[in-house]
Amino acid sequence: MIQPHGLILMGGRATRMGGGDKGLLPLGDTTILGHVLDRLTPQVDRLALNANGDPARLAHLHLPILPDSLPDHPGPLAGTLAGLDWAASLGATHIVTAAADTPFLPCDLVPRLLLAGGPAGFALAASPGGRQPTFGLWPVSLRDTLRTALADGLRKIVQFTRAHHAGTAEFPDDTAFFNVNTPDDLATARGML
């Protein structure tokens, strides 16, 4: 049975929220990221955070902080590559990625991704609203292929996963993937608690 490591993607600039670490904004009795950690931690073997900038601001989380593997914030694929390299250094075969701004992510995310991943162990989540590209099961064996694709300018997760025949884990509810991008989204999330 695959025991994936987990990677929370927090490498973006949060421009629609005014910048900073939106995952650290208060939501209920914790933060947005606190909710993500509560839901993802039990599902993975180890956990790391993909974040750029000064890692000291996140030291209180006691997690490995992995910056993007490429400069200039090229997007979640670069964070995923950093996670794959980290997992490879620990002898892991797979990682599961999740976004840091999705406080209601499914508590059965990993088991469903594992079922959908097939022999290669490669899958993305989807809900009625479409694919959820920052939620995926990634085999470490793809890291050099991903590195090459990034060097060639690829930035879209769905393009990469489609080209490499990732499976799809279907989830019945879009709410599980509600992400907090704006102050209005944060107010909505508070109402969903």
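Okay, so let's go over this structure. (Residues numbered from 1 in each chain as written. Predicted model: local features only at pLDDT ≥ 70, side-chain atom pairs only at ≥ 80, totals over all residues. Heavy atoms only, no water.)

## Here we look at the overall build of the protein chain
A count of helices and strands for the protein chain gives 6 helices and 9 strands. Overall, the protein chain is about 40 × 35 × 30 Å in size when its C-alpha atoms are taken along their principal axes. Here the protein chain holds 193 residues, and the buried ones make up 49% of them. At a minimum sequence separation of 6, the contacts of the protein chain that also span at least 24 residues come to 68%. Element-wise, carbon and sulfur atoms account for 54% of the exposed surface of the protein chain, whose accessible area totals about 8,800 Å². (Helix = DSSP H or I, 4+ residues; strand = E, 2+ residues; numbered from the N terminus. Buried < 20%, exposed > 50% of the residue type's maximum accessible area, 1.4 Å probe, protein only. Contact = heavy atoms within 4.5 Å. Areas by Shrake-Rupley, 256 points an atom, 1.4 Å probe, with all protein chains shown as cover.)

## With respect to the pattern of salt bridges
Tallied over the full model, the rule gives 6 salt bridges. A salt bridge links Arg147 to Asp85; its shortest N-O distance comes to 2.9 Å. Note that Arg147 is positioned in helix α4 (residues 143-151) and Asp85 in helix α2 (residues 76-89), a separation of 62 residues in sequence. Across the pair Asp108 and Arg112 runs a salt bridge whose closest N-O atoms are separated by 2.7 Å. The class for Asp108 is partly exposed, based on a relative accessible area of 29%. Salt bridges sharing partners connect three or more residues here, namely Asp85, Arg143, Asp144 and Arg147. (Salt bridge = Lys/Arg side-chain N within 4 Å of Asp/Glu carboxyl O.)

## Focus: the pairing of strand β7 (residues 123-127)
Of all 5 residues in β7, 5 are buried; the element is thus mostly enclosed. Alternating positions in β7 separate into two faces, Ala123, Ala125 and Ser127 on one and Leu124 and Ala126 on the other, with burial throughout. Where β7 and strand β8 (residues 130-139) come together, 5 bridges link them in antiparallel fashion. In the strand pairing of β8, Ala123 is matched with Leu137. Counting the residues between successive antiparallel strands, the hairpin from β7 to β8 contains 2 residues. Sheet topology note: the β7/strand β9 (residues 167-170) ladder contains 4 bridges and is parallel. Within β9, the position partnered with Ala126 by the bridge is Glu170. (Pairing = 2+ DSSP bridges.)

## A word on the environment of Thr161
As for its position among the elements, Thr161 is in helix α5 (residues 157-163). Taking the C-alpha atoms as reference points, Thr161 and Leu146, 15 residues apart in sequence, are found 9.9 Å from one another. Not counting residues within four places of it along the chain, the set of residues in contact with Thr161 comprises Phe122, Leu124, Arg131, Trp138 and Ala166.

## Focus on the packing of aromatic side chains
For the coordinates displayed, the defined rule picks out 5 aromatic pairs. Between Phe122 and Trp138, the ring centres sit 5.1 Å apart and the planes meet at 55°, which makes this aromatic pair tilted. Within this pair, whereas Phe122 is found in the loop between α3 (109-116) and β7, its partner Trp138 is found in strand β8, the two being separated by 16 residues in sequence. The pair formed by Phe122 and Trp138 is uniform in burial state, with each residue classed as buried. Measuring from ring centre to ring centre gives 5.9 Å for Trp138 and Phe160, while their planes differ by 20°; the resulting arrangement is stacked. (Phe/Tyr/Trp six-rings, centres within 6.5 Å; stacked < 30°, edge-to-face > 60°.)

## Some points on the sheet that holds β8
Paired through their backbone hydrogen bonds, the strands of a sheet run either parallel or antiparallel. Read across the open sheet, the 7 strands follow the order β5-β4-β1-β6-β8-β7-β9; overall the sheet is mixed. Bordering the open sheet on either side are β5 (65-66) and β9, each of which pairs with just one other strand. Both strand β1 (residues 5-9) and strand β4 (residues 47-50) contribute to a ladder of 4 bridges, which runs parallel. Bridging from a neighbouring strand, Leu7 pairs with Ala48 of β4. Docked against the sheet, helix α1 (residues 32-40) engages β1, β4 and β6 (94-99), running at close to 165° with respect to β1. Most of the contacts of α2 go to β1, to which it runs at about 155°, and overall it touches β1, β4, β5, β6 and β8. (Axes fitted to C-alpha atoms, helices over the stretch in contact; angles between N-to-C directions.)

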